[in-house]
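# Observations on the model geometry
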Protein chains: 2
Amino acid sequence: MALSTARKLQVLSPVPADIDIANSVEPFPISVIASEIGLDPAHYELYGKAKAKVLLSAYDKLKASPNGFYVVVGGITPTPLGEGKSTTTVGLCQALGAHLGKKVVTCVRQPSQGPTFGIKGGAAGGGYSQVIPMDEFNLHMTGDIHAITAANNLLAAAIDARIFHESTQSDRALFNRLCPADKEGKRVFAPIMLKRLKKLGIEKTDPGELTPAEVKRFARLDIDPAQITWKRVMDVNDRFLRKITVGQGPEEKGMVRETGFDISVASEIMAVLALTTSLADMRDRLGRMVVGTSRGGDPVTADDLGLGGALTVLMKDAINPTLMQTLEGTPVLVHAGPFANIAHGNSSVIADQIALKLVGEHGFVVTEAGFGADIGTEKFMNIKCRYSGLTPQCAVIVATVRALKMHGGGPEVVAGKALDHTYKSEQVDLVKAGCSNLARHIQNTKSYGVNVVVAINAFATDTEAEFSVIKEAAIVAGAFDAIVCTHHARGGAGAVDLGVAVQRACEQHRTALNFLYPLDLSIKGKIEMIAKSYGADGVEYSAEAELQIETYTRQGFSGLPICMAKTQYSFSHSASLKGAPSGFTIPIKEVRASIGAGFIYPLIGTMSTMPGLPTRPCFYDIDLDLETGRVLGLS
Amino acid sequence: MALSTARKLQVLSPVPADIDIANSVEPFPISVIASEIGLDPAHYELYGKAKAKVLLSAYDKLKASPNGFYVVVGGITPTPLGEGKSTTTVGLCQALGAHLGKKVVTCVRQPSQGPTFGIKGGAAGGGYSQVIPMDEFNLHMTGDIHAITAANNLLAAAIDARIFHESTQSDRALFNRLCPADKEGKRVFAPIMLKRLKKLGIEKTDPGELTPAEVKRFARLDIDPAQITWKRVMDVNDRFLRKITVGQGPEEKGMVRETGFDISVASEIMAVLALTTSLADMRDRLGRMVVGTSRGGDPVTADDLGLGGALTVLMKDAINPTLMQTLEGTPVLVHAGPFANIAHGNSSVIADQIALKLVGEHGFVVTEAGFGADIGTEKFMNIKCRYSGLTPQCAVIVATVRALKMHGGGPEVVAGKALDHTYKSEQVDLVKAGCSNLARHIQNTKSYGVNVVVAINAFATDTEAEFSVIKEAAIVAGAFDAIVCTHHARGGAGAVDLGVAVQRACEQHRTALNFLYPLDLSIKGKIEMIAKSYGADGVEYSAEAELQIETYTRQGFSGLPICMAKTQYSFSHSASLKGAPSGFTIPIKEVRASIGAGFIYPLIGTMSTMPGLPTRPCFYDIDLDLETGRVLGLS
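A brief look at the structure comes next.

What counts, and where the lines are drawn
- All residue numbers refer to positions counted from 1 along the written sequence of the respective chain.
- Just so you know, chain letters begin at A and ligand numbers begin at 1, following the order they were written in.
- Selection of residues for local features in this predicted model requires a pLDDT of at least 70, selection of side-chain atom pairs for listing and counting requires 80 or more, and totals for whole chains, interfaces and linings are taken over all residues.
- Each side-chain value is worked out from all heavy atoms of the structure, with water and hydrogens disregarded.
- The helix and strand labels rest on DSSP assignments: H or I over at least four residues marks a helix, E over at least two residues marks a strand, and numbering proceeds from the N terminus.
- Restricting the calculation to C-alpha atoms gives the radius of gyration, and the globule rule supplies 2.2 Å times the number of residues raised to the power 0.38.
- Between buried and exposed lies partly exposed: a residue is buried under 20% and exposed over 50% of the maximum accessible area for its type, with that area taken using a 1.4 Å probe on protein chains only.
- Computed with a 1.4 Å probe, the accessible areas rest on the Shrake-Rupley method; for each residue, only the protein chains presented here act as cover.
- When charges are counted, Lys and Arg contribute as positive and Asp and Glu as negative, whereas His and the chain ends are disregarded.
- All charge positions are set by atom: Lys at NZ, Arg at CZ, Asp at CG, Glu at CD.
- Cavities and pockets are defined on a 1 Å grid built over the protein atoms alone: a cavity is a set of grid points where a 1.4 Å probe fits but cannot escape, while a pocket is an open set with protein on both sides within 12 Å along at least five of seven lines, and lining residues are those with an atom within 4 Å of any such point.
- Grid points are joined across faces, edges and corners, and a volume is the space filled by probe spheres set on the points.
- Under the convention adopted here, Pro, Cys and the residues Ala, Val, Leu, Ile, Met, Phe, Trp and Tyr are nonpolar, Asp, Glu, Lys and Arg are charged, and Gly plus all remaining residues are polar.
- Contact definition: two residues touch when any of their heavy atoms are within 4.5 Å.
- Accessible area that two parts lose when put together, evaluated with a 1.4 Å probe and summed over both, is termed the buried area.
- When a carboxyl oxygen of Asp or Glu lies within 4 Å of a side-chain nitrogen of Lys or Arg, that pair is called a salt bridge.
- The definition of a polar contact used here is a pair of N or O atoms within 3.5 Å, where within protein one atom must be able to donate a hydrogen and the other to accept one, and adjacent residues in sequence count solely through side-chain atom pairs.
- Here the rule is simple: two strands pair whenever DSSP picks up at least two bridges between them.
- Only the stretch in contact is used when a helix axis is fitted, and all axes are lines through C-alpha atoms; the angle between N-to-C directions ranges over 0 to 180 degrees.
- For any helix crossing, the convention is left-handed if the near helix is rotated counterclockwise from the far helix by under a right angle, and right-handed if that rotation is clockwise.
- Copies overlap after least-squares fitting; the atoms used are the C-alpha atoms of residues with pLDDT of at least 70 in both.
- An expected span of 1.5 Å times one less than the residue number is assigned to each helix.
- Working rule for angles: under 35 degrees goes down as roughly parallel, over 145 as roughly antiparallel, 65 to 115 as roughly perpendicular, anything else as oblique.
- For the purposes of this section, nonpolar cores are sets of buried Ala, Val, Leu, Ile, Met, Phe, Trp, Tyr and Cys residues that join through side-chain atoms within 4.5 Å.
- Looking down the strands as they point away from you, a crossover is right-handed if its path from the first strand over the helix to the second goes clockwise.

## Examining the overall build of chain A
Helix and strand counts for chain A come out as 21 helices and 25 strands. Computed over C-alpha atoms, the radius of gyration of chain A comes to 25 Å, within 12% of the 26 Å expected from 2.2 N^0.38 for 635 residues, which places it in the range of a compact globule. Seen along its three principal axes, the alpha-carbon backbone of chain A occupies a region of about 80 × 55 × 50 Å. Evaluated residue by residue, chain A yields a buried proportion of 64% over its 635 residues. Working note: accessible area of chain A is about 21,600 Å², and carbon and sulfur atoms make up 52% of it. Of note, chain A has its 63 positive side-chain charges centred 3 Å away from the centre of its 64 negative side-chain charges.

## Re empty space enclosed by the protein
All told, the structure shown has 14 cavities of 30 Å³ or more when counted by the stated rule. If you trace the largest cavity, you find 36 residues lining it, with T142 and G143 of chain A together with Y47, T142 and G143 of chain B closest to the centre. The class makeup of the residues in the lining of the largest cavity is 14 nonpolar, 8 polar and 14 charged. For the second largest cavity, the calculated volume is near 200 Å³. What lines the second largest cavity is a set of 16 residues, among which T149, A150 and N153 of chain A together with H146 and T149 of chain B lie closest to the centre. Every element with two or more residues in the lining of the second largest cavity is listed here: α6 (144-167) and β8 (232-234) of chain A together with α6 (144-167) and β8 (232-234) of chain B. Broken down by class, the residue content of the lining of the second largest cavity amounts to 8 nonpolar, 6 polar and 2 charged.

## Here we look at the interface of chain B and chain A
Contacts between chain B and chain A engage 81 residues on the former and 81 residues on the latter. Buried area between chain B and chain A, summed over both chains or domains, comes out near 7,000 Å², and the portion from carbon and sulfur atoms is 66%. Sorting the residues of chain B by area buried against chain A places F240, T615 and Y620 of chain B first, and these three jointly supply 12% of that buried surface. Linking chain B to chain A there are 14 salt bridges. For R242 of chain A, the salt bridge goes to E251 of chain B, with nearest N and O atoms at 4.0 Å. Remark: the boundary between chain B and chain A carries 33 residue pairs in polar contact (both at pLDDT 80 or more). Across the side of chain B that touches chain A, the residue classes tally to 44 nonpolar, 17 polar and 20 charged.

## Here's the deal with the sheet that holds strand β13 (residues 299-301) of chain A
All names here are of chain A. In spatial order, the strands read β7-β12-β13; together these 3 strands make up an open sheet with antiparallel pairing. At either end of the open sheet lies a strand with only one pairing partner, and these are β7 (223-228) and β13. Sheet twist, expressed as the mean angle between neighbouring strand axes with direction ignored, is 50°. Seen against the sheet, α6 touches β7 and β12 (290-294) and runs at an angle of roughly 130° to β7.

## A few points about the side chain of R257 of chain B
Residues and elements named next belong to chain B. Here R257 lies in strand β10 (residues 257-259). For R257, a relative accessible area of 10% gives the class buried. Here D160 takes part through its side chain, which lies 3.0 Å from a polar atom of the side chain of R257. Apart from the residues within four sequence positions on either side, R257 is in contact with D160, P225, I228, R232, I244, T245 and V246.

## Description of the packing of helix α7 (residues 171-178) of chain B against helix α9 (residues 212-219) of chain B
Two packed helices can be described by the angle between their axes and the distance between those axes. All names here are of chain B. Across the interface, α7 lies against α9 with an axial gap of 9 Å and an inter-helix angle of 65°. Two packed elements cross with a definite hand, and for α7 against α9 that hand is left-handed. In this structure, α7 contributes D171, R172, L174, F175 and L178 to the contact, and α9 contributes V215, K216, F218 and A219. For the contact of α7 with α9, the per-class residue count stands at 6 nonpolar, no polar and 3 charged.

## Concerning helix α14 (residues 376-388) of chain A
All names here are of chain A. Of all 13 residues making up α14, 12 are buried, and the element is well covered by its neighbours. Of all the positions in α14, only G376, T377, E378, K379, F380, M381, N382, I383, K384, C385, R386 and S388 are classed as buried. Positive backbone phi, approximately 75°, marks G389, located one or two places after α14.

## Notes on the pattern of salt bridges
Residue and element names in this part refer to chain A. Counted by the stated rule, this structure contains 66 salt bridges over all chains. Between D304 and R196 there is a salt bridge, and its shortest N-O distance comes to 3.1 Å. Here D304 is found in the loop between β13 and α12 (308-314), whereas its partner R196 is found in helix α8 (residues 191-199), with 108 residues between them in sequence. Given a relative accessible area of 5%, D304 falls into the buried group.

## Remarks on the relation of the copies chain B and chain A
Rotating chain B by 180° and moving it 0.0 Å along the rotation axis overlays it on chain A with an RMSD of 0.0 Å. Here the two chains are linked by the operation of a two-fold rotation axis. Within chain B, the C-alpha atom positioned nearest to the axis of rotation is that of Y47 of chain B, 2.2 Å from it. The share of interface residues of chain B whose copies in chain A are also at the interface is 100%, consistent with both copies meeting through the same surface.

## What about helix α20 (residues 523-534) of chain B?
Spacing of three or four residues puts side chains on the same side of an α-helix, whose turn is 3.6 residues. All names here are of chain B. Along its 12 residues, α20 runs 17 Å from first to last C-alpha, staying within 8% of the 16 Å computed at 1.5 Å per residue. Of the surrounding elements, those touching the buried residues of α20 are α14 (376-388), α16 (428-446), β20 (538-541), α21 (543-554), β21 (585-588) and β23 (599-603). Looking one or two residues past α20, G535 carries a phi angle of roughly 100°, positive in sign.

## What about the sheet that holds strand β13 (residues 299-301) of chain B?
The strands that make up a sheet pair up through hydrogen bonds in the backbone, lying either parallel or antiparallel. Residue and element names in this part refer to chain B. Sheet architecture is open: 3 strands sit in the order β7-β12-β13, paired in antiparallel fashion. Bordering the open sheet on either side are β7 (223-228) and β13, each of which pairs with just one other strand. Going across the sheet, the axis of each strand differs from the next one's by a mean of 50°, ignoring polarity.

## A word on the packing of helix α20 (residues 523-534) of chain A against helix α21 (residues 543-554) of chain A
Residue and element names in this part refer to chain A. Relative to each other, α20 and α21 sit at 125°, their axes nearing to 10 Å. On the basis of their axis angle, the class for α20 and α21 is oblique. Residues I523, K524 and I527 of α20 pack against E546, I549, Y552 and T553 of α21.

## Concerning the nonpolar core
A general feature of soluble globular proteins is that nonpolar side chains tend to end up buried together. Grouped together as the largest cluster of nonpolar side chains are 324 residues, with contacts concentrated most on F218, M315 and L438 of chain A together with F218, M315 and L438 of chain B. The residues contacting M315 of chain B, other than those within four sequence positions of it, are A147, I148, A151, I269, L273, M282 and L286 of chain B.

## A look at the pairing of strand β19 (residues 481-485) of chain B
Residue and element names in this part refer to chain B. Of all 5 residues making up β19, 4 are buried, and the element is well covered by its neighbours. Two elements, strand β18 (residues 451-457) and β19, share 5 bridges in a ladder whose sense is parallel. Bridge assignment links N457 to a residue of β19, and that residue is C485. Note that the unit made of β18, helix α17 (residues 464-477) and β19 has a crossover that is right-handed.

Honestly, it's all geometry; don't read function into it.
So this is what it looks like as structure tokens:
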């Protein structure tokens, strides 16, 4: 049953730098990986030697066959250093595929390119549990984020251009330009215009038949510049674009406007890509994205601007997930990477759908949910699984001794600063106290009806006594099992026990998926259900938030799921409240919506959607070996 | 000798829409095209079914073998409708490859994606002479322009971030952050920092040994915000980004600055890609790109900012040309697409180099030079061939009856407006008068030492009498031959005579390549030589231009070739001066430089580097057929 592509790792100690490990392994030709997982060459397209785009026809062909087991990896509330969720996701799959002879696909997010050159470095896992080639994973990949940037910004350009052209033309001139006469002198509506007419309740298909009032309603979107919510994006950490003024050129006739850029992965189009289930569904979602509000108070969509089709064309290849491989030769699908606060932070529905068919009955799909489980797993269940209709059997929660010490009262952990001694010595009591955090994540996650396996991501300085405390607390809180793992240092071999536990958890799963809230609850009702799961006593709304909730409800969007934009560093809204806090009130400052993606997102605090570059960015170390063509210095 | 991939076209009359013709043909798998041209699978990477990236190793392998014939396609001074240069380039190759049994590669530019959604539509040729798949050619292709956008904007972000960090830190703090202590407490310079030290004349490699004055010089780039020349780019027609103010967020502490976006193909990185000859050369060029000037008057480069290596990494796949095919199955290399005014408007040196080896002795490489021959062919010779060391044997000049009528005094031709009757009826005298324009292009082009073949791109309304006049005038002006072509309506079959003439012109070529000016002439001297070739009496410099010429000369850049940024609608600076004007003075408003790409570019008039969207952009018609996955409405 073992994979013929399973690769025996030569493990070194101490563990070398990630890029050195990644570069030490020659990837299998991706066609070999594809064939191993049963993909017919008709259902994928090569992108270089180590990447392929899996076509949607792969799913269509297998539609009737059974799904494999569906495992989601979340984490406890992390330190700013991260607790190894991606690494555990990859390590678990290497164990299942290369050591336990299972069919397995890892589904992960495509990382944003911006931070790769800033502070953070890449996001392909770490140590001996990585996706390779690491440079291709982190840079460009197969162009999906570039496609999102292009589509997002075409829509942004269309908004300002439309306002400009509307401001300088009469209703009739505008209408005549929108519906120009063809060679026979006859005006026709483009098919996309019929959508707008229908929305306006105008049941005519001949432009000549519109009354002047209808001409005005059709041709004039009358977007209120102060109520444009659509921003431009760039996949670069460019802090000086956070807030800008556009339109200062003389040809733009003084139509200046304040706006800003987000990083590309914060685009709603990324969330659409992550949540869509088919080409037709993506066309619909892209078309109904709301970019702003008219002066009359109506939401203006991409289709109103005539752009839903063009955006779909720009995204037609991005909808196909990218096949890559782990260090041990197991298959990986990389697809979508929405923000985990203002969006839902999970990789794509489509990749999971395809993967579940590819692995088939008794196989495993392991997918990661961004941020701590309070956010990532919650959104996985209530947003992603709601749209996909898929049911997970098992949820892994990644915990570290380090983070639990912090939750138990250990000193603050700050990225870039040396770790306090506490974190390098045995501190059983701190760990024990910190397990309150783990326990609440277990209880919350279990309530969805999945079996919860705790993966203790072991560090060299951790002790057996500390592990025992965690295992005991996990079982008491209702975990199916709790396993110490060493996949960072040892690859899949270090996660074999975890793999066995996950297999048992899946096989013994019997419960239906329970959502945390029904969709037909009011927006506030849903927000309050989620806040309760954080341990909050209640929710407080700003006047602005109240107004926005009212508006979205009036516009008919109250039936959407909720995507909380909250810090991942606490169950609460306050990053300094560690452990399992209670008795706090969640303050909702603002409520926004991604109508095309399909969720309402309340903002709890200020979310940064455009990172910056430090004084010495990572890029100083990055270069190309001109002899070998290898990328140097990527971390 | 005929290509096994040669495809017999089923030609319809009247000629259907470009996208319908393109969609009516199933492309050969690109591996078939690759094998036909003798490319070993080790030397290319597939990007989907119909595109492949040709690796530089393909050239390395064939380095010692002889080049084929090298043909450049230019045009007379065009009308705003374009005279079919791309179409003729493709048609000629279809004739040579699919009808005359020659080995041939077409080298063309990758079009900007922005205009595809604006007014212009695609750029893959037209009628029965096109590059396919047309949608993949026009949209994303293999991501090269996206890579340029990413690299350009990372550099832009780094400039503002650096100014910001320098403004808030002491010399020592800045230095310590740039050279942080490693685990052993030792500070080290990153390799790229050694380049800057060397440039500064500091011969030390241990950070600890720098004097406080050296620390300051090294760590403080001291970029003058008012003298930043590097702009951000986007491959979207977004007129509201032409002039913007950045840095208005509260975290940027009031460091606002006016700047703007260009369209991505206007980036200097695009010009670098087009002119580079190898990976090492690209690394050098990217590193020495000048982004602005320090307060002390020194040019600041990408390498000074620590970015030359990272930019090379972002561009490492873009350096490989993309293999595609024509409608008749002949191979095409698509690579780079620099602006034809502020840059040199030619496809890449690397694609031509590889193609010349692939076709080998007696084979043909046909490459297009953007704009009229006064600009495109001039830059092809004096910039592109100077850097590549390649020698063309034949230059094709594309002429139309329509454009010659305009030059002879016909009414103005305006895009989007109906053509005057003059252009649809026989007007021998107008054509004859207009041939002065053709004659000057022939004489100028011939002076480089190539044989000139005139391709008369025939329209249905043209007459034999008109053709005769053109042929005669061409021969009188020194053309090797002049041929009427119907490749738009008939594909390669319509350009067989042209193919035969081009073959003869190449085989009978005996002259060395004569550049218009030597590089060691002063900047002004070179500008004046080019102006003379336009028919100008002299050149007039603004005070600003004088100062800039002085600065570039002082900085040691006066040995670079000149890239005139001039309208293509007249030999002169004034678009309304048709025919072969003389007695005018060329006004140089401003002089800029692309130091990494390797040219100085004087601006004659205002060049728009960011197009806008019209009231009804093309995107209204673009959609995806959700059943077939085909792109609809692309023009």
